[in-house]
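This is what each chain is made of:
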Amino acid sequence: MEAAVTSGQLRERGNALFQAGDHAAALAAYTEALSLCDAEPERAVLHRNRAACYLKLEDYAKAEADASKAIEASGRDVKALFRRSQALQKLGRLDQAVSDLQRCVSLEPKNKAFQEALRALGSSMHEKMKTMSCTDSKVEQMFQILLDPQEKDAEKKQKAAQNLIVLAREEAGAEKIFQSDGVHLLMQLLDTAQPDLMLAALRTLVGLCSGHRSRTAAILAKLGAPCLAAVLGVEHEQVSLAACNLLHVMFESLKEGLQKDFRGKEDAVVLALHSGMRPVPRVLTAAHCLFLEDSSKDLRLLIKHLLELLALEGASAHGRDNALNLLIKVVPRKSPKETDNSLSLWVIDQGLKKILEVGSSVCGTPGSLPVTTNSRMNASVLLSKLYDDLKCDAERENFHHLCEDYVRSWFEGHELAGKLRAIQTASCLLQGPAEAGNRVLELAGIMESVLSLCASVSEGHQLVAVEALIHAADKAKRASFITTNGVNLLKEIYKHSERDSIRIRALVGLCKLGSAGGTDFSMKQFAEGSTMKLAKQCRKWLCNEAIDTGTRRWAVEGLAYLTFDADVKEEFVEDKAAMQAMFQLAKSEDSSVLYAVASTLVNCTNSYDHEEPDPQMVELAKYAKQHIPEQHPKDKPDFVKRRVRKLLAAGVVSALSCMVKSENLALTNSCRELISRVFLALVAEAEDRGGVVAQGGGKALIPLSLEGTEVGQTKAAQALAKITITSNPEMAFPGERIYEVVRPLVSLLHLQRTGLENFEGLMALTNLAGISERLRQKILKEKAVPMIEGYMFEEHELIRLAATECMCNMAMSKEVQELFLAEGSDRLKLMVLYSGEEDERLRRAASGTLAMLTSLHPPICKRIPQVTVHWLEILQALLLSPSTELQQRGAVVVMNMVAADREVAEQLMASEMLEILLVLAKDQDKPRVAQAAQESLAQAVSYGLIKPNPGQE
């Protein structure tokens, strides 16, 4: 029979595993050997061997650390020196790698492997130095080719431009371009007004500015904010987009400068910003402090010119959209946790009227700015974000006054054109900060003008008025006024207008008013059948490809309201052509349709929040003759399930995935939340989850779970959990994507989440923790272990069980094993006690954890008798259990404890455990249990605690 495993045996086992190519297992064996070994020479060998494992596993930092520990014990250890040189080479520290190799050669001058490695490394360093020395001439050649008016070879110029861009992406290349007066030469490329050269210049500047505050400030000072804003406003769309990307990178670099201290790579540039001096050693001077203050000024200067661009008549329509896009990204706070909203307040004071200029523009009318179909929506999103960034009533009141003053300035004294601009402004605000829009509608004469212009003979005027009426129709303060004054007018327009663009908008207005009761079956605005007729007409418009996309999207707007009615939902999911037409619109460039599509799908899947009313409150309401909401019979679970299946068959997942990929500004946090709700409904049934993943649903859910509203993130995370529980996570989230899933799943463990969300998060993490050590490390890094432990005390038995199972898989990590030995911790005690609980599932999970811990971390075996006086009877109960699985786990724990410590073994053999083991060792029906029992007895024999049975070896 075997004795206790020694560090020497573990080292030999590690050597064999290494030779067999199982480097991870070899690493584990060497690590365990280190925990049992105190002799310095042997520890040095183990560290050297571990370094070899880490090299094979490509963890070069740990390889370098272990090799260094071996070298500390013996500076003449050539194997350790060689392995450290290999690690240093991979880490890019070539000079140190050369030093180690030179030491190896001096110790073993005839070793050809060392000589060859030194030659190869020397050659590599020579090439690197050569490359660095000729970078200056390369930069100069590329600029010469690009700026030479006589150069007619387009392919040569294109290659030079691409080389310049690639060079700028590397820090060394970017610094060479910067120090070689590259910014001045890039300005010359911008001045050529040739799109290809301008694109090359802008993309190169992106490389120079990325993550580098001081270079960004220098480039901004050289180019000037007016120049950058002018490039953003050019007619060429790609050039404008490239300028937008450059400005965004500059914003991020400057904002980062306000939050972080100087980094080493920037030190040299600071003093050379305007003087052209060569780099000097880092010195923290007053100039550095002033530079930090200037970052804020630079930010505001850029924003000021963006705001001016919005109202500049000569700027292109897409340039204006890009400017709005930038402002949305860089001005509002990223999170309410940030306390400083001064930038938003400054933008409101300096530029709110300029933003409203874009939102109030009416295409084709004199004096209006050039805009795209998305410009007003973009302006609405920016206004909404600025309004949400305000923190007190005084700030909000200032916002309202500025909006009202702007509307009055157009409404009063500008006749019809001014009234149109005022009404268009109201529409823009109603789509953004609705409270500000409602305040504007209450101004004298505004609503009356809207109603009167609805009957205008001019299509353009009528469009503006009808859209304003539609946007106002779903705002609570205006609904009754419009129902009284606008329904008949909209009906007349719908029936008698000859223009499709007008009729469809009027129909949407009627749809909004017809849905005032929401999902309440008992609240209907129109006569029986009217809602179904409106929905049918909406589907007809939606499927008519002869109508332009911008007009057809209004049909989706109508359905977004009409699908509150379950009869409408049922008919819609039966109309495959209408569903697919809507999905195609969702994939189009018209960003304004996203919210309407998402709303329609939320209605069809019943994925909005709805609470069952308290029966006692219902009875009280009946007694008081108050209205009681009623659910439509076709909104019962079976109907919802069938609708979900039909949406899946029609390709809803593909459409949702496209919507999430879209970088449209209309993909707001609210829109993301709606999409998350739909996804959660789509994965409600386990059999549907594979199809959702296959169509890209798993990939789309990850960004939804990481940004947006808290509710939206939670819904997306729960959908990810459902997929992870029932699917193979490595198939559902291939490659690196599986590591991105961990954070959303951990978020489900927070205390404010529901019990179901906690449970599903734990189940999903259990699956991930069982896959690999790297995933367990990711879970540890997300600080999930304390939360998992907390749920092990949960009253709900399923949550307690899930947490214990999760801890069982996490216990495969060394860090978690150490936690069970921490002083003052009751972790081990809880696991032992749970192994004796009545709930068999909990006992399986807890005893499985004990079996894992005692196998992987022998010191735990000695601690078990110290944590509770009941430990012996709990282990005996496991071995006597009618469940073979529990017997096996108990037998493994006992086997490990006997092997780990003679004193513990003596306690076990002095109890009834001996008789139990003797019986189990003969049980041929349970070979695994019998084997563990036999090994325990054999170890006890080797200790001299018991005598072998007669006739046995």
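No experiment lies behind these values; they were computed from the predicted model shown.

Remarks on the overall build of the chain
- Each helix and strand counted, the chain has 55 helices and 0 strands in total.
- Contacts in the chain between residues at least 24 apart in sequence constitute 69% of all its contacts with a sequence separation of at least 6.
- Accessible area for the chain stands at about 44500 Å²; split by element, carbon and sulfur atoms hold 51% of it.

Remarks on the pattern of salt bridges
- Under the criterion given, the structure shown has 41 salt bridges.
- Note that Arg421 and Glu357 form a salt bridge whose closest N and O atoms lie 3.5 Å from each other. One end of the pair, Arg421, is in helix α21 (residues 415-431); the other, Glu357, is in helix α18 (residues 342-359), with 64 residues separating them in the sequence.
- In this structure, the salt-bridge partner of Lys634 is Asp567, at a minimum N-O distance of 3.0 Å. One end of the pair, Lys634, is in the loop between α33 (615-623) and α34 (637-650); the other, Asp567, is in helix α30 (residues 566-574), with 67 residues separating them in the sequence.
- Residue classification places Lys634 among the partly exposed residues on the basis of a relative accessible area of 30%.

Quick word on the packing of helix α3 (residues 40-56) against helix α4 (residues 60-73)
- Their axes nearest at 8 Å, the elements α3 and α4 cross at an angle of 160°. Viewed along their axes, α3 and α4 adopt a mutual orientation that is roughly antiparallel. For the pair α3 and α4, the crossing hand works out as left-handed. Of the residues in α4, those in contact with Ala44, His47, Arg48, Arg50, Ala51, Tyr54 and Leu55 of α3 are Tyr60, Lys62, Ala63, Asp66, Ala67, Lys69, Ala70 and Ala73.

Structural notes on helix α24 (residues 459-473)
- Taking 1.5 Å of rise per residue, 15 residues should cover 21 Å, and α24 covers 21 Å from first to last C-alpha, within 8% of that figure.
- With 13 of 15 residues buried, α24 is to be regarded as a mostly interior element.

Notes on helix α51 (residues 871-879)
- Burial analysis of α51 places 7 of its 9 residues in the buried class, which makes it a mostly covered element.
- Turning to α51, its buried residues number three or more, namely Trp871, Leu872, Ile874, Leu875, Gln876, Leu878 and Leu879.
- At its buried positions, α51 is contacted by α48 (827-834), α49 (840-856), α50 (859-867), α52 (884-900), α53 (902-909) and α54 (913-920).

Focus: the packing of α50 against α52
- Relative to each other, α50 and α52 sit at 105°, their axes nearing to 8 Å. Relative to α52, α50 is oriented roughly perpendicular. For the pair α50 and α52, contact is made by Cys861, Lys862, Ile864 and Pro865 and by Val893, Asn896, Met897 and Ala900, respectively.
- Split by residue class, the contact of α50 with α52 holds 6 nonpolar, 1 polar and 1 charged.

Quick word on the layout of surface pockets
- Estimated volume of the second largest pocket: approximately 1700 Å³.
- Around the second largest pocket, the lining is made up of 44 residues, and of these Ala28, Ala29, Glu32, Ser855 and Leu856 lie nearest the centre.

Comments concerning the side chain of Arg48
- You can see Arg48 is positioned in helix α3.
- When sequence neighbours within four positions are dropped, the list of residues in contact with Arg48 reads Ala70, Asp77, Lys79, Ala80 and Arg83.

With respect to the nonpolar core
- Ile675, Phe679, Leu682 and Leu908 are the most contacted members of the largest nonpolar core, which has 263 residues in total.
- Counting residues in each nonpolar core, the second largest holds 14 residues, with Leu10, Tyr30, Ala33 and Tyr54 among its members.

Let's talk about the side chain of Arg539
- Tracing the backbone through its elements, the reader meets Arg539 in helix α28 (residues 530-543).
- A polar contact is formed between the side chain of Arg539 and the side chain of Asp575, at a distance of 2.9 Å.
- Apart from residues lying up to four places away in sequence, Arg539 is in contact with Leu559, Glu571, Phe572, Asp575 and Ala578.

A look at the environment of Ala716
- Positionally, Ala716 belongs in helix α39 (residues 710-726).
- On the accessibility criterion, Ala716 (0% relative accessible area) is buried.
- Counting along the chain gives 36 residues from Ala716 to Leu680, while the straight-line C-alpha distance between them is 6.6 Å.
- Non-local contacts of Ala716, meaning those with residues more than four positions away in its chain, are made with Ser676, Leu701, Leu704 and Ser705.

A few points about the environment of Gly437
- As for its position among the elements, Gly437 is in helix α22 (residues 434-441).
- For Gly437, a relative accessible area of 0% gives the class buried.
- Between the alpha carbons of Gly437 and Cys403 there is a distance of 8.7 Å; along the sequence they are 34 residues apart.
- Not counting residues up to four positions away in its chain, the partners in contact with Gly437 are Leu429 and Leu430.

Description of unusual backbone geometry
- Even without being a glycine, Glu58 presents a positive backbone phi close to 65°.
- On the secondary structure map, Glu58 appears in the loop between α3 and α4.
- For Glu58, a relative accessible area of 57% translates into the label exposed.
- Its identity is not glycine, yet Lys783 carries a phi of approximately 60°, on the positive side.

Re the packing of aromatic side chains
- All chains considered together, the criterion is met by 2 aromatic pairs.
- Arranged with centres 5.2 Å apart and planes meeting at 45°, the rings of Phe82 and Phe114 form a pair that is tilted. Taken together, the residues span a long stretch of sequence, with Phe82 in helix α5 (residues 78-90) and Phe114 in helix α7 (residues 112-147) at a distance of 32 residues.
- Between Arg553 and the ring centre of Trp554, over which it is positioned, the NZ or CZ distance is 4.3 Å.

Considering the environment of Glu673
- Structurally, Glu673 can be placed in helix α36 (residues 669-682).
- Considered as a pair, Glu673 and Val711 are 38 residues apart in the sequence and their alpha carbons are 6.8 Å apart.
- When neighbours within four sequence positions are excluded, Glu673 is seen to be in contact with Thr709, Val711 and Gly712.

Examining the confidence of the model for the chain
- Averaged over every residue, the pLDDT of the chain is 83; residues scoring 70 or more account for 87%.
- In this model, residues 260-292 is a region of pLDDT below 50 whose contacts with residues beyond four sequence positions or in other chains number 47 contacts.
- Overall, residues 517-525 carries pLDDT values under 50, and its contacts beyond four positions in sequence, including any with other chains, amount to 22 contacts.

Reading guide: rules and limits
Residues numbered from 1 in each chain as written. Predicted model: local features only at pLDDT ≥ 70, side-chain atom pairs only at ≥ 80, totals over all residues. Heavy atoms only, no water. Helix = DSSP H or I, 4+ residues; strand = E, 2+ residues; numbered from the N terminus. Contact = heavy atoms within 4.5 Å. Areas by Shrake-Rupley, 256 points an atom, 1.4 Å probe, with all protein chains shown as cover. Salt bridge = Lys/Arg side-chain N within 4 Å of Asp/Glu carboxyl O. Buried < 20%, exposed > 50% of the residue type's maximum accessible area, 1.4 Å probe, protein only. Axes fitted to C-alpha atoms, helices over the stretch in contact; angles between N-to-C directions. Parallel < 35°, antiparallel > 145°, perpendicular 65-115°, else oblique. Left-handed = near helix turned anticlockwise from the far one by under 90°. Expected span 1.5 Å × (residues − 1). Nonpolar A, V, L, I, M, F, W, Y, C, P; charged D, E, K, R; others polar. 1 Å grid on protein atoms, 1.4 Å probe; cavity = no way out; pocket = protein on both sides within 12 Å on 5 of 7 lines; lining within 4 Å. Points joined across faces, edges and corners; volume = space filled by probe spheres on them. Core = buried A, V, L, I, M, F, W, Y, C linked by side-chain atoms within 4.5 Å. Polar contact = N/O pair within 3.5 Å; in protein donor to acceptor, adjacent residues only side chain to side chain. Phe/Tyr/Trp six-rings, centres within 6.5 Å; stacked < 30°, edge-to-face > 60°. Lys NZ or Arg CZ within 6 Å of the ring centre and 35° of its normal. pLDDT = per-residue confidence, 0-100.

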